[in-house]
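Below, each chain spelled out in residue letters.
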Amino acid sequence: MRGDDRFMDIVKRRFDSPEEVDEYRRRAGSGLLAWEATVVARYLAPPGRLLDVGCGGGREAFALSDLGFDVVGVDISAPQLDSARAAATALGKAVEFHLWEGNALPFADGTFDCAVAWAQVLGNVLGAANRLRFLTECRRVVKDKGRLSFSAHNRETCEPTARSRGMIQADPGLPLEDGDYVLVGDSKSPTPCVWHYFARDEIG
């Protein structure tokens, strides 16, 4: 979701950066993380059409395709999608990728059996109202009895860690809400990125 363009421009610069594209390219064929595999086994049984929101270089999309899903990936970063398409060709994966930069996903209501917004995706959407719109739009394109799975970074753990490592910019000059941060030095890319760390009562 676009939300505040200043926020999304920061996210795009981070994930467009050569260092970040290279890192996601390196991970492309490494499969699901243990927690992702657990979520799939418990809640997202294939086959079915699955939307990967914020697909990056394609790691999750390729692994989900291998499990039997018909996967479509969307992302705001054109360089990440170029890398994902190249990896799909190299790995022989039949995954469809789309650039997504608008407020509305380019799909009709109920197009997918399920959708995932994993890793940093929801945390890169700043502002509670923007996150609600993001999740509502993801839900719109999932069938009535489908599943939407998202992950969130725990503020209780992440904020103290980021502060102790000097990653939080003290005065980023942006209208941040409680739990919103601008981080630098949290990845191989030298560019900053916006993050929201979630308190327990936000995800209930």
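We now turn to the structure provided with this report. Quick caveat, the model's predicted, so the values are computed rather than measured. (Residues numbered from 1 in each chain as written. Predicted model: local features only at pLDDT ≥ 70, side-chain atom pairs only at ≥ 80, totals over all residues. Heavy atoms only, no water.)

A separate point is the pattern of salt bridges. Counted by the stated rule, this structure contains 21 salt bridges. The partner of R59 in a salt bridge is E36, with the nearest N and O atoms 2.9 Å apart. With R59 in helix α4 (residues 59-66) and E36 in helix α3 (residues 34-43), this residue pair connects regions lying 23 residues apart in the sequence. With respect to burial, R59 and E36 carry one shared label: buried. Between R59 and E60 there is a salt bridge, with its nearest N and O atoms 3.2 Å apart. With a relative accessible area of 9%, E60 lands in the buried category. Three or more residues are tied together by salt bridges with common partners; here these are E23, R26, R27 and K188. (Salt bridge = Lys/Arg side-chain N within 4 Å of Asp/Glu carboxyl O. Helix = DSSP H or I, 4+ residues; strand = E, 2+ residues; numbered from the N terminus. Buried < 20%, exposed > 50% of the residue type's maximum accessible area, 1.4 Å probe, protein only.)

Below, the discussion takes up the sheet that holds strand β5 (residues 142-150). With parallel pairing, the 5 strands of this open sheet are ordered in space as β3-β2-β1-β4-β5. Lying at the two open borders of the sheet, with one neighbouring strand each, are β3 (96-99) and β5. Averaged over all pairs of adjacent strands, the angle between strand axes in this sheet comes to 20°, irrespective of strand direction. Judged from the 4 bridges that link them, strand β2 (residues 69-75) and β3 form a sheet pairing that is parallel. The residue bridging V74 from the neighbouring strand is H98, located in β3. The strands that α4 touches are β1 (48-53), β2, β3 and β4 (112-117); relative to β2, the one it contacts most, it runs at about 170°. On the sheet, helix α6 (residues 128-140) packs against β1, β4 and β5 and is oriented at approximately 135° with respect to β5. (Pairing = 2+ DSSP bridges. Axes fitted to C-alpha atoms, helices over the stretch in contact; angles between N-to-C directions. Contact = heavy atoms within 4.5 Å.)

A few words on the layout of surface pockets. Of the volumes computed, that of the largest pocket is approximately 630 Å³. Those elements that provide at least two residues to the lining of the largest pocket are α1 (5-16), α2 (18-27), α4 and α7 (155-164). The element that contributes the greatest number of residues to the lining of the largest pocket is α2, accounting for 4 residues. Its residues assigned to classes, the lining of the largest pocket comprises 11 nonpolar, 10 polar and 9 charged. (1 Å grid on protein atoms, 1.4 Å probe; cavity = no way out; pocket = protein on both sides within 12 Å on 5 of 7 lines; lining within 4 Å. Points joined across faces, edges and corners; volume = space filled by probe spheres on them. Nonpolar A, V, L, I, M, F, W, Y, C, P; charged D, E, K, R; others polar.)

Most of β1 is tucked away: 5 of the 6 residues are buried. The β-α-β motif built from β1, the intervening α4 and the parallel element β2 has right-handed crossover chirality. With 3 bridges connecting them, β1 and β4 associate as parallel partners. What sits directly across from L51, in β4, is A115. (Right-handed = clockwise from strand over helix to strand, strands pointing away.)

Turning our attention to empty space enclosed by the protein. By rolling a water-sized probe across the atoms, one finds the places where empty space is left. Summed over all chains, the structure comprises 2 cavities of 30 Å³ or more. The space that makes up the largest cavity amounts to roughly 200 Å³. Lining of the largest cavity is provided by 16 residues; of these, V11, G54, D75, I76 and V121 occupy positions nearest its centre. Per-element tally for the lining of the largest cavity: the top contributor is α1, with 3 residues. Classifying every residue of the lining of the largest cavity by side-chain character gives 11 nonpolar, 4 polar and 1 charged.

Here the focus is the packing of α1 against α2. Two numbers describe how α1 lies on α2: the axes approach to 5 Å, and their chain directions differ by 60°. Taken as axis vectors, α1 and α2 run oblique relative to one another. Taking contact as the criterion, the partners of R14, F15 and D16 in α1 are, on α2, P18, E20, V21 and Y24. Looking at the contact of α1 with α2, its residues break down into 4 nonpolar, no polar and 3 charged. (Parallel < 35°, antiparallel > 145°, perpendicular 65-115°, else oblique.)

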